[in-house]
Amino acid sequence: MNEDPAIVIVLVMLGVMLAILASAVAALYWAASRGEFNRLEEKSHSIFGADEPVGQVTDSFPGQPREKSPALPEDARHD
Amino acid sequence: MMNRLPTLFMGMLLTFSSAWIGLVVVPWAFFGTLEPVQNPSEMAMPGEMVPPPVTGNIEAGLEVYAANGCVYCHTQQVRPERQGSDIKRGWGTRRTVPRDYIREKRVFLGTMRTGPDLTNVGVRLQDPAWHHQHLYAPRSIYPNSTMPNYAFLYDVREIQGQGSPEAIQDLPPENAPPPGYEIVPTQEARDLVAYLLSLKRNYPLPEVPPDF
Amino acid sequence: MTDVMKSSPQPTAQESILAPQGEAHSELLRRREIDASCRVPVMTFYASGIFWLLIGTALALLASVKMHWPDFPWAPQYLVEAEWLNFGRVRPAHLNTVIYGWATAAGVGTLIWLMARLCQAKVVGTPILMVAAVFWNVGVLIGTMGILGGHSTSIEWLEIPPYATPLLFLSYAMVAIWTVIMFTQRPPGHVYVSQWYLLGAIFWFPWLYGIVQLLLLGFPVQGSIQGIVNWWFAHNVLGLWFTPIGLAAAYYFIPKVIGKPVYSYYLSALGFWSLALFYSWNGGHHLIGGPLPTWVVTASIVASCMMVIPVLVVALNHHLTMRGKWHLLISSPTLRFIVFGAMMYTAVSLQGISMSLRSLNEVTHFTHYTIGHAHWGMYAFFTMTMFGSMYYIVPRLVDCEWRSASLIKWHFWATFYGILLMLLVLTVGGLWQGFKLNDPEVPFTTVVQSTIPWLIGRSFSGVLITIGHVVFAYHFFLMIMRLGKPAGKPTLFREPVEAEGGVA
């Protein structure tokens with residue numbers, strides 16, 4: 001059965017996977033040591049900007065007025 | 001969390017590959033190279049291997065089965081006695097196991113039972129003429145059946161001489177051919193029926209206790 | 001935001017009302033530039049997706065009707081007799097056109113736009129995407145014709161014959177490469193949760209697809225292992241391709257539309273990694289009772305149960321983000337579709353977990369309940385989420401508003417009631433069918449008969465959904481022809497802050 005090409009493919013893939021597994025662990029350790037996991041909550045603000053700030057509703061049916069913003073003062077003004 | 005592309009990719013690969021190894025590679029290594037065995041039945045001839053080979057017409061019929069999507073309504077797996085009513089309905093005498101499928105180049109376990117299970121259809125229904133009539137006009141046999149008709153696997157042709165021995169007989173008037181014509185199976189239909197008749201997974205296997 | 005100035009002279013009358021200035025103005029211009037750079041590839045993927053959606057819907061209706069009226073005598077006999085329109089071919093053709101033709105194309109379109117936005121960079125490498133779009137559509141076309149022509153592999157979710165799949169794989173690889181190139185364009189320090197999901201999806205799918213093609217069609221593995229590989233793929237394509245794209249859209253559009261950051265970014269991180277960790281182990285639960293060693297299936301059941309974590313985390317996060325903003329569902333089409341989709345994600349995931357338990361699976365396995373589950377995920381969650389994304393993205397690409405609020409409402413309510421009705425009849429009808437199947441005293445023909453009223457209900461739901469799709473396709477066509485309302489404030493410009501309440 002050793003000539004079965006499927007076996008060869010599976011074994012090669014298994015080896016590659018194991019090598020990559022090891023490098024993944026190393027990469028995770030490296031990322032953690034560089035502080036990549038810090039200050040998570042700030043990133044949730046990255047989709048807002050001066051143009052479309054927090055508190056700005058950005059979608060409505062065509063031809064209908066959008067809700068006046070800022071809707072909730074604390075949302076819009078805390079920064 | 002992750003702020004670098006390599007890290008992201010490594011994490012994804014890690015999780016994905018662990019599942020791949022667990023669900024594909026390991027099962028494959030454990031039982032991916034099963035061999036046919038001598039039929040353990042006392043009545044079996046020496047050298048009679050089970051499961052039987054899938055060759056010739058039967059193999060061609062397997063392709064017809066695939067091309068026409070039989071698998072969307074018919075399963076080919078029997079669950080153990082304690083699960084469902086598979087065995088009580090007479091769809092098999094024992095559960096099916098991996099070795100049952102090793103001869104087929106494509107396996108049609110199926111996920112839907114709009115129609116009955118076909119694991120042992122060749123045991124239950126052994127008459128090729130029945131299968132041809134049923135494929136040609138399912139409702140001529142079961143009026144409430146919702147099976148599609150596979151009339152396109154048959155030719156309607158003028159009767160030559162005594163007529164073909166394979167021609168479908170006894171069709172009700174709404175399905176019968178015009179006078180002087182007969183309905184004969186194409187090669188595809190013959191292959192498909194050969195495949196269906198070959199579905200007999202009722203032989204004993206060493207790994208399955210009877211009634212399991 | 002106190003940096004908005006109100007004094008400088010305005011170039012045109014219209015912009016004098018609409019355009020903000022200062023930092024906000026430059027950001028607005030930048031954002032419009034980025035949106036414009038996505039126009040050609042995104043619209044190409046979207047338009048072809050909607051084309052396949054219509055084809056797939058027509059095939060679905062035909063297959064659905066054939067299930068309860070196999071010979072429907074009042075219809076043109078060609079529909080009954082034609083070889084290529086046989087149920088066994090139409091059904092897989094439906095599945096593949098909607099999965100690959102529609103859902104994947106819509107997903108890639110959304111992915112392109114989200115990547116450009118979140119990387120804050122103009123699209124580079126448009127030709128790669130255009131070649132990918134052409135390959136993809138040619139692949140789906142050849143594949144669909146192959147299935148209808150009798151070359152289906154009959155491997156569920158992989159029916160496309162092997163002569164068309166390399167095209168799909170190539171196209172996919174090109175999109176993946178493009179995504180990585182795009183990701184390198186981002187400014188440092190900004191990786192939003194949607195991007196993780198997108199990168200995950202784009203990375204997982206070629207692996208999945210490549211491996212199963214190899215193991216099922218290239219060098220087929222032996223016997224019932226084909227079943228494991230098949231369901232490992234079919235389940236993962238939902239969980240590791242469509243789900244991450246759907247969730248990426250939900251994680252972007254819900255906060256963006258309501259103007260409020262996602263409730264907990266920590267939870268979103270937890271949700272992503274637990275999805276990645278547990279989802280890919282599922283799939284084996286489709287084979288409960290099947291000819292496989294019990295431990296394979298059990299491992300899969302355990303992983304299915306672990307899915308409670310990512311599902312509840314996502315549900316909780318979206319719910320808390322939406323808190324206090326539910327009234328916006330009335331005014332925002334995007335939010336309507338996506339919040340509905342996100343709720344359905346929670347529901348379908350919990351349903352899927354319950355279906356992996358042996359006791360319930362014993363009943364629902366092999367019945368229409370499973371078909372209902374598939375539509376719950378692919379339609380109620382993913383497709384509705386894609387519709388929502390399109391309502392947000394398309395006006396920003398073609399520079400005009402959707403033409404008609406009532407067409408959007410027609411689309412929403414027709415698909416909303418259509419899919420809910422479908423889920424109801426398939427779920428209840430499936431349970432009914434399952435209980436009868438498990439009772440050996442009930443003859444099989446009686447079981448078949450008992451499903452027919454439910455299947456007629458399903459066809460009716462299909463008609464509703466078809467109406468929704470036709471309305472949407474017409475509306476989308478108007479947008480391509482730039483026949484929408486002139487660009488106005490709902491999508492393209494925000495009103496200056498000072499006009500709204502004098503923040504400055």
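This structure is a prediction, so every number in the text was calculated from the model and none was measured.

*Asks:* Is there a simple way to explain the overall build of chain B in this structure?
*Replies:* Counting secondary structure elements, chain B contains five helices and four strands. When the elements of chain B are put in sequence order from the N terminus, they spell out α-β-β-α-α-α-β-β-α. Across its three principal directions, the C-alpha atoms of chain B cover 75 × 55 × 30 Å. Burial analysis of chain B (212 residues in total) assigns 58% to the buried set. Across chain B, the fraction of contacts at a sequence separation of at least 24, relative to all contacts at a separation of at least 6, is 67%. About 8,800 Å² of surface is accessible on chain B, with carbon and sulfur atoms providing 57% of the total. Computed over 18 positive and 21 negative side-chain charges, the separation of the two mean positions in chain B equals 10 Å.

*Asks:* In this structure, what is going on with the overall build of chain C? I would like to understand it.
*Replies:* Secondary structure assignment for chain C yields 18 helices and two strands. As displayed, chain C has an accessible area near 16,000 Å², and 73% of this comes from carbon and sulfur atoms. Considering chain C, the positive charge centre built from 26 side chains and the negative charge centre built from 19 side chains are found 6 Å apart.

*Asks:* Looking at this model, I keep getting lost on helix α8 (residues 225–258) of chain C. Mind explaining?
*Replies:* Three- or four-residue spacings in an α-helix give side chains the same orientation, since the helix completes a turn every 3.6 residues. All names here are of chain C. A rise of 1.5 Å per residue sets the reference length of α8, with its 34 residues, at 50 Å; its end C-alpha atoms lie 47 Å apart and thus fit the reference within 8%. Its axis deflected by about 35° at N236, α8 carries its strongest bend there. Of all the 34 residues making up α8, 34 are buried; the element is thus mostly covered by neighbouring parts of the structure. Downstream of α8 by one or two residues, G259 has phi in the positive range, about 70°.

*Asks:* Before we go on, may I ask you to explain helix α7 (residues 193–218) of chain C in this structure?
*Replies:* For α7 of chain C, spanning 26 residues, the distance from its first C-alpha to its last is 36 Å, which sits close to the expected 38 Å at 1.5 Å a residue. A large share of α7 of chain C lies buried, amounting to 22 of its 26 residues.

*Asks:* Looking at this structure, I do not really get the packing of helix α4 (residues 128–136) of chain B against helix α5 (residues 187–198) of chain B. What am I missing?
*Replies:* To describe two helices that pack against each other, one gives the angle between their axes and the distance between the axes. Residues and elements named next belong to chain B. Put simply, α4 and α5 touch, their axes get as near as 10 Å, and they point 120° apart. By the angle class used here, α4 and α5 are oblique. Helix-helix and strand crossings are classified by hand; for α4 and α5 the assignment is right-handed. Note on element contacts: α5 touches α4 through A189, R190, L192, V193, L196 and L197, opposite P128, H131, H132 and L135. Of the residues belonging to the contact of α4 with α5, the class tally is seven nonpolar, two polar and one charged.

*Asks:* What should I look at first to understand the interface of chain B and chain C in this one?
*Replies:* The parts lose accessible area when they come together, and the size of an interface is often stated as this lost area. At the interface, 74 residues of chain B touch 86 residues of chain C. Around 7,000 Å² of area is buried between chain B and chain C when both sides are counted, 66% of it from carbon and sulfur atoms. Taken as a group, F16, L23 and Y72 of chain B account for 12% of the area that chain B buries against chain C, more than any other trio of residues on that side. If you look at where chain B meets chain C, you find one salt bridge. Between the two partners, chain B and chain C, sit 24 residue pairs in polar contact (both at pLDDT 80 or more).

*Asks:* What is the right way to read unusual backbone geometry from this model?
*Replies:* Trans peptide bonds make up most of the peptide bonds, and negative phi angles are found at most residues other than glycine. For the peptide bond that leads from V50 of chain B to P51 of chain B, omega is -10°, which places it in the cis range. Counting through the fold element by element, P51 of chain B comes out in the loop between β2 (49–50) and α2 (56–67).

*Asks:* Quick question: what am I supposed to make of the pattern of salt bridges here?
*Replies:* If charged atoms from side chains of opposite charge come close, those side chains can pair. This structure, assessed with the given rule, holds 18 salt bridges over all chains. Notably, a salt bridge pairs R201 of chain B with E104 of chain B, separated by 2.7 Å at the nearest N-O pair. Of this pair, R201 of chain B sits in the segment after α5 while E104 of chain B sits in the loop between α2 and α3 (121–124), placing them 97 residues apart in sequence. Its salt-bridge partner being E166 of chain B, residue R190 of chain B comes within 2.7 Å of it at the nearest N-O pair. With R190 of chain B in helix α5 and E166 of chain B in the loop between β3 (154–158) and β4 (181–185), the pair connects residues that are 24 residues apart, well separated along the chain. Each of D51 and E52 of chain A together with R31 and K256 of chain C takes part in a single network of salt bridges with overlapping partners.

*Asks:* Looking at this structure, how should I read the environment of H475 of chain C?
*Replies:* All names here are of chain C. By the secondary structure assignment, H475 is in helix α17 (residues 444–480). The class of H475 is buried, set by a relative accessible area of 0%. A C-alpha to C-alpha distance of 7.1 Å links H475 and L407, two positions 68 residues apart in sequence. Among residues more than four places away in sequence, those in contact with H475 are W402, R403, S404, L407 and I408.

*Asks:* How should I be thinking about the side chain of S304 of chain C in this particular structure?
*Replies:* With respect to the element layout, S304 of chain C can be found in helix α10 (residues 294–306). Residue contacts for S304 of chain C: discarding those within four places in its chain leaves N282, H285, I353 and S356 of chain C.

*Asks:* Which parts of the structure should I look at to understand the nonpolar core?
*Replies:* Inside soluble globular proteins, nonpolar side chains tend to come together where they are buried. In terms of nonpolar packing, the biggest core is built from 215 residues, with Y100, W113, W157, W232, F233 and W241 of chain C touching the most fellow members. Per-element tally for this core: the top contributor is α8 of chain C, with 23 residues. Not counting the four nearest positions on each side in its chain, W232 of chain C is found in contact with F16, A19, W20, L23 and V24 of chain B together with L208, I211, V212, S280 and N282 of chain C.

*Asks:* What am I meant to see in the packing of helix α4 (residues 87–119) of chain C against helix α6 (residues 165–184) of chain C here?
*Replies:* Residue and element names in this part refer to chain C. Running from N to C, α4 and α6 point in directions that differ by 10°, and their axes come no closer than 10 Å. Regarding the angle of α4 to α6, the classification is roughly parallel. When you trace α4 past α6, the crossing you get is left-handed. Where α4 abuts α6, its residues V108, L111, I112, M115, A116 and C119 lie against V175, W178, T179, M182 and F183. Here the residues of the contact of α4 with α6 are counted per class, giving 10 nonpolar, one polar and no charged.

*Asks:* Explain the packing of aromatic side chains to me, please; I cannot follow it from the model alone.
*Replies:* Aromatic ring pairs are reported here in terms of the distance separating the ring centres and the angle at which the planes meet. Residues and elements named next belong to chain C. Applying the stated criterion across every chain, the model contains 46 aromatic pairs over all chains. Here F51 and W52 contribute two aromatic rings whose centre-to-centre distance is 5.2 Å and whose plane-to-plane angle is 70°, an arrangement assigned as edge-to-face. Ring centres 5.7 Å apart and planes at 10° place the aromatic pair W113 and F253 in the stacked group. Here F253 lies in helix α8 and W113 lies in helix α4, a separation of 140 residues in the sequence.

*Asks:* It is not clear to me how the pairing of β4 of chain B should be interpreted in this structure. Could you clarify?
*Replies:* Residues and elements named next belong to chain B. Taking burial as the measure, the five residues of β4 include four buried ones, the bulk of the element. Here β3 pairs with β4 via five bridges, running antiparallel. Looking at the pairing, V156 lines up with I183 of β4.

*Asks:* I would appreciate a short explanation of the environment of V156 of chain B in the present structure.
*Replies:* All names here are of chain B. Here V156 shows up in strand β3. Separated by 47 residues in the primary sequence, V156 and Y203 have C-alpha atoms spaced 38 Å apart. If sequence neighbours within four positions are ignored, V156 has contacts with Y136, P177, P178, Y181, E182 and I183.

*Asks:* Sorry, what's going on with the confidence of the model for chain B here?
*Replies:* In low-pLDDT segments, the atomic positions of the prediction should not be examined closely. Mean pLDDT over chain B: 88, with 91% of residues reaching 70 or higher. Least confident of the elements in chain B is helix α1 (residues 5–31) of chain B, whose mean pLDDT is 69; most confident is α5 of chain B, at 97.

*Asks:* What am I meant to see in the confidence of the model for chain C here?
*Replies:* Residue and element names in this part refer to chain C. For chain C, the average pLDDT comes to 87, and 92% of its residues sit at 70 or higher. Summarising per-element confidence for chain C, the mean pLDDT is lowest in helix α18 (residues 497–500) (36) and highest in helix α5 (residues 126–151) (97). Here residues 490–504 is modelled with pLDDT under 50, and outside its nearest four sequence neighbours on either side it reaches 51 contacts, counting other chains as well. Both confidence scores are given for the complex: pTM 0.89, ipTM 0.90.

*Asks:* Sorry if this is basic, but what is going on with the environment of M384 of chain C here?
*Replies:* Residue and element names in this part refer to chain C. With respect to the helices, strands and loops of the structure, M384 is situated in helix α15 (residues 368–398). A relative accessible area of 0% places M384 in the buried class. Separated by 121 residues in sequence, M384 and Y263 place their C-alpha atoms 23 Å apart.

Cut-offs applied
Residues numbered from 1 in each chain as written. Chains lettered and ligands numbered in written order. Predicted model: local features only at pLDDT ≥ 70, side-chain atom pairs only at ≥ 80, totals over all residues. Heavy atoms only, no water. Helix = DSSP H or I, 4+ residues; strand = E, 2+ residues; numbered from the N terminus. Buried < 20%, exposed > 50% of the residue type's maximum accessible area, 1.4 Å probe, protein only. Contact = heavy atoms within 4.5 Å. Areas by Shrake-Rupley, 256 points an atom, 1.4 Å probe, with all protein chains shown as cover. Lys, Arg positive; Asp, Glu negative; His and termini not counted. Charge placed at Lys NZ, Arg CZ, Asp CG, Glu CD. Expected span 1.5 Å × (residues − 1). Bend = angle between axes of the 7 residues up to and from the residue. Axes fitted to C-alpha atoms, helices over the stretch in contact; angles between N-to-C directions. Parallel < 35°, antiparallel > 145°, perpendicular 65-115°, else oblique. Left-handed = near helix turned anticlockwise from the far one by under 90°. Nonpolar A, V, L, I, M, F, W, Y, C, P; charged D, E, K, R; others polar. Buried area = accessible area lost by both parts, 1.4 Å probe. Salt bridge = Lys/Arg side-chain N within 4 Å of Asp/Glu carboxyl O. Polar contact = N/O pair within 3.5 Å; in protein donor to acceptor, adjacent residues only side chain to side chain. Core = buried A, V, L, I, M, F, W, Y, C linked by side-chain atoms within 4.5 Å. Phe/Tyr/Trp six-rings, centres within 6.5 Å; stacked < 30°, edge-to-face > 60°. Pairing = 2+ DSSP bridges. pLDDT = per-residue confidence, 0-100.

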